[in-house]
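Residue strings, one per chain:
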Amino acid sequence: MTTNTTSTTNTMSTMNTTHAPDTTPPAAITAAAIAGAETRPARTRLDFAKSAPKVFRALIGFDAAARTGLDPALVELIQIRASHLNHCAYCLHMHTNDARKAGESEDRLHMVAVWREARHFFTPKEQAALALTEAVTLVADAGVPDDVYARAATQFDDEELAHVLALILTINTWNRVALATGKIAGTDERKN
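What you are looking at is a predicted structure, and each value in this text was computed from that prediction instead of being measured. (Residues numbered from 1 in each chain as written. Predicted model: local features only at pLDDT ≥ 70, side-chain atom pairs only at ≥ 80, totals over all residues. Heavy atoms only, no water.)

K.L.:
Even after reading the chapter, I still don't get the side chain of Thr-96, so can you show me in this structure?
P.N.:
Within the secondary structure, Thr-96 is located in helix α6 (residues 89–101). On the basis of relative accessible area, Thr-96 is assigned to the buried category, the value being 14%. For Thr-96, the side chain forms a polar contact with the main-chain oxygen of His-93, separated by 3.2 Å. Beyond its immediate chain neighbours, meaning those up to four positions away, Thr-96 contacts Ile-80 and Leu-109. (Helix = DSSP H or I, 4+ residues; strand = E, 2+ residues; numbered from the N terminus. Buried < 20%, exposed > 50% of the residue type's maximum accessible area, 1.4 Å probe, protein only. Polar contact = N/O pair within 3.5 Å; in protein donor to acceptor, adjacent residues only side chain to side chain. Contact = heavy atoms within 4.5 Å.)

Set out below in structure tokens:
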């Protein structure tokens, strides 16, 4: 009987050791995975434009159509804000440079990320577009709230609002393409 108890205790002890739940916090796992990834050779990611040329051209066409009739400054503000939210350094670098070339001030560019606290830098129309950009970009968090949509609808006619929404959709797509294919900030690949 004593032998069985000892044997059972040893077996349970072994089971607990070999089948113990992983108590490593997710942050530590992530840090370890990242550290391991840094030592592996990087695989070059695909060139989306070359690998899916019809899709790429369609996206360029969608982007161009979305911009039609919109103020170029507003276009860049929308693209900059979505790129902030999506953490897309490639697109953020590109669109802040485009905004500067179009005459945008450094003050306004620095305030886009905190526009709610710096409303006086932006027109009511720009504020409505920035709020809608945030809601659509972060749609999984809370959908597009009625008040945000209604505010945008008071600032834009139906055609403009449709173009603003299309632009928000295109920049979110571009951000995802850039992030998924490993685009590097500062390497604007557009043909000018």
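K.L.:
Explanation requested: the nonpolar core in the structure shown.
P.N.:
Inside soluble globular proteins, nonpolar side chains tend to come together where they are buried. Residues Ile-78, Leu-132 and Val-164 are the most contacted members of the largest nonpolar core, which totals 26 residues. Among the elements of the structure, α5 (72–85), α8 (124–137), α10 (146–155) and α11 (158–180) are those that each provide at least two residues to this core. Here this core takes six residues from α8, the largest share from any one element. Excluding residues that lie within four positions of it along the chain, Val-164 makes contacts with Leu-70, Leu-74, Ile-78, Leu-132 and Phe-156. (Core = buried A, V, L, I, M, F, W, Y, C linked by side-chain atoms within 4.5 Å.)

K.L.:
What exactly am I supposed to notice about the pattern of salt bridges here?
P.N.:
When charged atoms on two side chains of opposite charge get close, those side chains can pair. Counted according to the given criterion, the structure contains seven salt bridges. We note a salt bridge from Glu-104 to Arg-108, for which the minimum N-O separation is 2.5 Å. Arg-108 carries the same exposure label as Glu-104, and that label is buried. A salt bridge links Arg-108 to Glu-126, with the shortest nitrogen-to-oxygen separation between them at 2.8 Å. Linking Arg-108 in helix α7 (residues 106–111) with Glu-126 in helix α8, this pair joins segments that are 18 residues apart in sequence. Note on accessibility: Arg-108 and Glu-126 belong to one class, buried. Among the ionic contacts, a cluster of salt bridges with common partners joins Arg-81, Arg-116 and Glu-134. (Salt bridge = Lys/Arg side-chain N within 4 Å of Asp/Glu carboxyl O.)

K.L.:
What is the right way to look at the packing of aromatic side chains in this model?
P.N.:
Note on aromatic pairs: each is described by the distance of the centres and the angle between the planes. Across all of its chains, the model carries two aromatic pairs by this definition. When the ring of Phe-48 is compared with that of Phe-56, the centres are 6.4 Å apart and the planes differ by 70 degrees; the resulting orientation is edge-to-face. Geometrically, the ring pair formed by Phe-56 and Trp-174 is edge-to-face, given 5.5 Å between the ring centres and 75 degrees between the ring planes. Taken together, the positions of Phe-56 in helix α4 (residues 53–67) and Trp-174 in helix α11 put the pair 118 residues apart, joining distant regions of the chain. The buried category is assigned to Trp-174, whose relative accessible area is 17%. (Phe/Tyr/Trp six-rings, centres within 6.5 Å; stacked < 30°, edge-to-face > 60°.)

K.L.:
What's the story with the environment of Cys-88 in this structure? I'm lost.
P.N.:
Along the chain, the position of Cys-88 falls in the loop between α5 and α6. Its relative accessible area of 1% is what places Cys-88 among the buried residues. Along the sequence, Cys-88 and Ala-185 sit 97 residues apart, while their C-alpha atoms lie 8.4 Å from each other. Once you skip the residues sitting within four places of it in the chain, Cys-88 turns out to touch Ser-83, Asn-175, Ala-178 and Leu-179.

K.L.:
Whenever I open this one, unusual backbone geometry confuses me. Can you help?
P.N.:
Apart from glycine, the bulk of residues carry a negative phi angle, and the bulk of peptide bonds sit in the trans form. Non-glycine residue His-87 carries a positive phi angle of around 60 degrees. Note that His-87 resides in the loop between α5 and α6. Residue His-87 is classed as exposed on the basis of its relative accessible area, which comes to 66%.

K.L.:
In this structure, what is going on with α11? I would like to understand it.
P.N.:
Residue pairs spaced three or four apart in an α-helix point in one direction, given the helix's 3.6 residues per turn. For α11, built from 23 residues, the straight-helix expectation of 33 Å at 1.5 Å per residue is met to within 8% by its first-to-last C-alpha distance of 33 Å. Of the residues that open α11, the one with a side-chain oxygen 3.1 Å from the backbone nitrogen of Glu-159 is Asp-157. Two residues or fewer past α11, Gly-182 is found with a positive phi of approximately 70 degrees. (Expected span 1.5 Å × (residues − 1).)

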